[in-house]
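Chain residues, written in single-letter form:
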Amino acid sequence: MEHQERNIIRDIIKTPKLDTSVLVKGWVRTKRGNKNVAFIALNDGSIIHSLQIVVDVANFDEELLKKITTGACIAVEGKLVASGGQGQSVEVVASKIFVYGTADPDVFPLQKKGHSLEFLREIAHLRPRTNTFGAVLRIRHALAFAIHKYFNDNGFFYLHTPIITGSDAEGAGAMFQVTTLDLKNLPKTSDGDINYETDFFGKSTNLTVSGQLEGELGAMALGSIYTFGPTFRAENSNTPRHLAEFWMIEPEMTFCDITDNMDLAEDFLKYLITYALEKCTDDLEFLCKMYDEELIDRLKFVTENDFKRLTYTEGVAILEKADQKFEFPVKWGIDLQSEHERYLVEKEFKCPVILTGYPKEIKAFYMKQNDDGKTVRAMDVLFPKIGEIIGGSQREEDYEKLESRMNEMHIPAKDLWWYLETRKFGTAPHSGFGLGFERLVLFVTGMSNIRDVIPFPRTPKNAEF
Ligand code: ATP
Ligand code: MN
């Protein structure tokens, strides 16, 4: 079997060359049949569909065929023919079969179909072999590729910002500490504090919660940049929308105000969703059928309609009049909860919403202050089923205003001297936003828990795989 090159099942199904010899390799999804003929559904991960293999039992060793059970990895050589059976247009009539690896039916966890998503989370090492996770992971890949393509096509440069950061003032959330100090025997200063001078970096360091501050440094040189990397938040938030380790996309654009920023966010999201609709049709149809009948219509709706733009103040006024009881009562000044965001999107406007002009107290120090002295040029993009998918702003480019806001918020300027210097040397108006990659994948796949759209989720008390 070594002489022939492997055929990818996707190619066989999408562009079949009937009556040619093929060699396919993959994992057995099911085997059924009778004494005379066996049908194997073989999946190689390239496409949601499995390829039907027809086995004339008389032509094969009985012991070999016994080894072919759900989960086994096999290679099959045979002839590709038109299929009379239901559910497929082509099939392979096997002439040779090789078993790479068996999967003992008595212990293989995916022997039966229809496991719950909760159970599959406990076998994250095997769940990529299910149709659902195959579909999700292929869509995740397509979206990641489309993100790079969009930015590359639009003149943005991919900037790699650090994962280990020396500043604990990024302000976006609780951080994980990074240290090589011996936790059982911590060096102390004369005041009794931990002495980080002997730590690996000679100072206290953490995993990044956002690449934005460094992203701004890049934008102030290259014009438009984006980051796309892992982000870590140590908040103990056990929700279906939060991970402790997630991937974030953060474009940052010089000479760009809050309106340009909103225009980019809307265009970007529509591009990504359109890309998935075009390139991931089979996987989306599968997820639509299995989990969420309205999925494809919802995606199309988002690409075809303008996002509704309004201010936080207008949004709060709507929520105060809403005929719905919220767990968290609404009044001007509160940080909007997911239930509020979803009310605006799902009940009030029935389309994605961009809220701007948030109270400065609930937003980060770097957001550009409005003339009213109360609000900042923030923008959050809110999506159906998700709530916040993007958070962004125009940045404060004025040195004095930025410094005084940092003082008000007790952010030590000495830790962020390098950030402040961008406002001292050649400052410029600029804006940017952060898109949570898994929230995007959540929306596009229609899955309802963020743990099911990343291969190996990191959440409180969960880092097994
Ligand atoms: P939320 O209010 O939903 O917790 P946030 O306002 O803390 O989010 P930002 O700091 O604005 O989040 O981060 C930008 C984007 O990153 C968010 O809009 C969201 O899409 C995503 N995001 C934030 N925190 C998480 C998380 N813990 N897990 C997954 N994605 C996240
Ligand atoms: Mn936010």
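Here's a quick rundown of the structure. Here the structure is a predicted model, which means the values were calculated and not measured.

### Quick word on the overall build of the chain
Thought 1: Counting secondary structure elements, the chain contains 13 helices and 16 strands.
Thought 2: Its C-alpha atoms give the chain principal-axis dimensions of about 85 × 55 × 45 Å.
Thought 3: Buried residues in the chain amount to 51% of all 465 residues.
Thought 4: Pairs at least 24 residues apart make up 67% of the contacts formed inside the chain by residues separated by at least 6 positions.
Thought 5: Carbon together with sulfur atoms contributes 51% to the accessible area of the chain, which is approximately 22,800 Å² in total.
Thought 6: Here the chain contributes 55 positive and 69 negative side-chain charges, whose respective centroids are spaced 5 Å apart.

### Description of the packing of aromatic side chains
Thought 1: Taken as a whole, this structure holds 22 aromatic pairs when the rule is applied.
Thought 2: Between Tyr-150 and Phe-151 the ring centres are 5.6 Å apart and the planes differ by 80°, which places this aromatic pair in the edge-to-face class. Across the pair, Phe-151 and Tyr-150 agree in class, each one buried.
Thought 3: Seen in terms of ring centroids, Phe-228 and Trp-247 are 6.1 Å apart; in terms of plane orientation they differ by 85°. Their pairing is edge-to-face. On the criterion of sequence distance, the pair formed by Phe-228 in strand 10 (residues 224-232) and Trp-247 in strand 11 (residues 245-254) is long-range, its members being 19 residues apart.
Thought 4: On the accessibility criterion, Phe-228 (7% relative accessible area) is buried.
Thought 5: Site record: aromatic cluster; members linked through ring pairs are Phe-145, Tyr-150, Phe-151, Phe-156, Tyr-158, Tyr-226, Phe-268, Tyr-271, Tyr-275 and Phe-433.
Thought 6: The ring of Tyr-358 is capped by Lys-363, whose NZ or CZ atom sits 4.3 Å from the centre of that ring.

### Some details on a nonpolar patch on the surface
Thought 1: Taken together, the side chains of Ile-163, Ile-164, Phe-200 and Phe-201 present a nonpolar region at the surface, about 390 Å² in accessible area.
Thought 2: Within the secondary structure layout, Ile-163 lies in the loop between strand 6 (157-158) and strand 7 (164-165).
Thought 3: We classify Ile-163 as partly exposed; its relative accessible area is 38%.

### Quick notes on the sheet that holds strand 1 (residues 21-33)
Thought 1: Reading around the barrel, the five strands line up as 1-2-3-5-4 and close back on themselves, with mixed pairing between neighbours. Put simply, the sheet's adjacent strands are angled 55° from each other on average, direction ignored.
Thought 2: Here strand 1 runs beside strand 4 (residues 73-82); their pairing, made up of seven bridges, is antiparallel. When the sheet's bridge partners are listed, Ser-21 is paired in strand 4 with Lys-79.

### Some thoughts on helix 7 (residues 281-290)
For an α-helix, 3.6 residues make a turn, and residues three or four places apart therefore share a direction.
Thought 1: Taken residue by residue, helix 7 has Asp-282, Asp-283, Leu-284, Phe-286, Leu-287 and Cys-288 as its buried positions.
Thought 2: Packing partners of the buried residues in helix 7 comprise helix 1 (9-14), helix 4 (131-153), helix 6 (258-279), helix 8 (295-304) and helix 13 (437-445).

### Re the pattern of salt bridges
Thought 1: Per the stated rule, a full pass over the model turns up 24 salt bridges.
Thought 2: Among the salt bridges present, the one from Lys-385 reaches Asp-292, with a minimum N-O distance of 3.5 Å. Of the two residues, Lys-385 sits in the loop between strand 14 (375-383) and strand 15 (387-394) while Asp-292 sits in the loop between helix 7 and helix 8, which places them 93 residues apart along the sequence.
Thought 3: For Lys-385, a relative accessible area of 32% translates into the label partly exposed.

### Describing the packing of helix 7 against helix 8
Thought 1: At a minimum axis separation of 8 Å, helix 7 and helix 8 run at an interaxial angle of 125°. The angle between helix 7 and helix 8 places the two elements in the oblique class. Between helix 7, through Leu-284, Glu-285, Leu-287 and Cys-288, and helix 8, the contact on the second element is made entirely by Leu-295, Ile-296 and Leu-299.
Thought 2: Broken down by class, the residue content of the contact of helix 7 with helix 8 amounts to six nonpolar, no polar and one charged.

### A word on the environment of His-340
Thought 1: Tracing the sequence through the fold places His-340 in helix 10 (residues 338-349).
Thought 2: Separated by 16 residues in sequence, His-340 and Gln-324 place their C-alpha atoms 9.9 Å apart.
Thought 3: Setting aside anything within four residues of it in sequence, one finds His-340 in contact with Leu-319, Phe-326, Phe-328, Val-330 and Ile-334.

### A few points about the pairing of strand 1
Every other side chain in a regular strand lies on the same face of the sheet, so the side chains alternate between the two faces.
Thought 1: Inspection of the sheet shows strand 1 paired to strand 2 (residues 37-43) by six bridges, in the antiparallel sense. The residue bridging Gly-33 from the neighbouring strand is Ala-38, located in strand 2.
Thought 2: Counting the residues between successive antiparallel strands, the hairpin from strand 1 to strand 2 contains three residues.

### Some points on helix 8
Thought 1: Turning to helix 8, its buried residues are Leu-295, Ile-296, Arg-298, Leu-299 and Val-302. The buried side chains of helix 8 occupy one side of the element, clustering within an arc of 160° when seen end-on. With respect to the buried face of helix 8, the exposed residues turned more than 90 degrees away are Asp-297 and Glu-304.
Thought 2: Here the buried face of helix 8 lies against helix 6, helix 7, strand 14 and helix 13.

### What to know about the site of ligand 1
Thought 1: Looking at ligand 1, there are 14 residues lining it, with His-242, Leu-243, Glu-388, Ile-389 and Arg-439 nearest.
Thought 2: One nitrogen or oxygen atom from the main chain of Gly-391 is found 3.5 Å from an oxygen atom belonging to ligand 1.
Thought 3: At 2.9 Å from an oxygen atom of ligand 1 is found a side-chain nitrogen or oxygen belonging to Arg-439.
Thought 4: The fraction of the free accessible surface of ligand 1 (580 Å²) that becomes covered by protein chains is 80%.

Criteria and thresholds
Residues numbered from 1 in each chain as written. Chains lettered and ligands numbered in written order. Predicted model: local features only at pLDDT ≥ 70, side-chain atom pairs only at ≥ 80, totals over all residues. Heavy atoms only, no water. Helix = DSSP H or I, 4+ residues; strand = E, 2+ residues; numbered from the N terminus. Buried < 20%, exposed > 50% of the residue type's maximum accessible area, 1.4 Å probe, protein only. Contact = heavy atoms within 4.5 Å. Areas by Shrake-Rupley, 256 points an atom, 1.4 Å probe, with all protein chains shown as cover. Lys, Arg positive; Asp, Glu negative; His and termini not counted. Charge placed at Lys NZ, Arg CZ, Asp CG, Glu CD. Phe/Tyr/Trp six-rings, centres within 6.5 Å; stacked < 30°, edge-to-face > 60°. Lys NZ or Arg CZ within 6 Å of the ring centre and 35° of its normal. Patch = residues over 30% accessible without salt bridge, like charges linked within 9 Å, V, L, I, M, F, W, Y side chains within 5 Å. Salt bridge = Lys/Arg side-chain N within 4 Å of Asp/Glu carboxyl O. Pairing = 2+ DSSP bridges. Axes fitted to C-alpha atoms, helices over the stretch in contact; angles between N-to-C directions. Parallel < 35°, antiparallel > 145°, perpendicular 65-115°, else oblique. Nonpolar A, V, L, I, M, F, W, Y, C, P; charged D, E, K, R; others polar. Arc of directions from axis to C-beta. Near = heavy atom within 4 Å. Polar contact = N/O pair within 3.5 Å; in protein donor to acceptor, adjacent residues only side chain to side chain.

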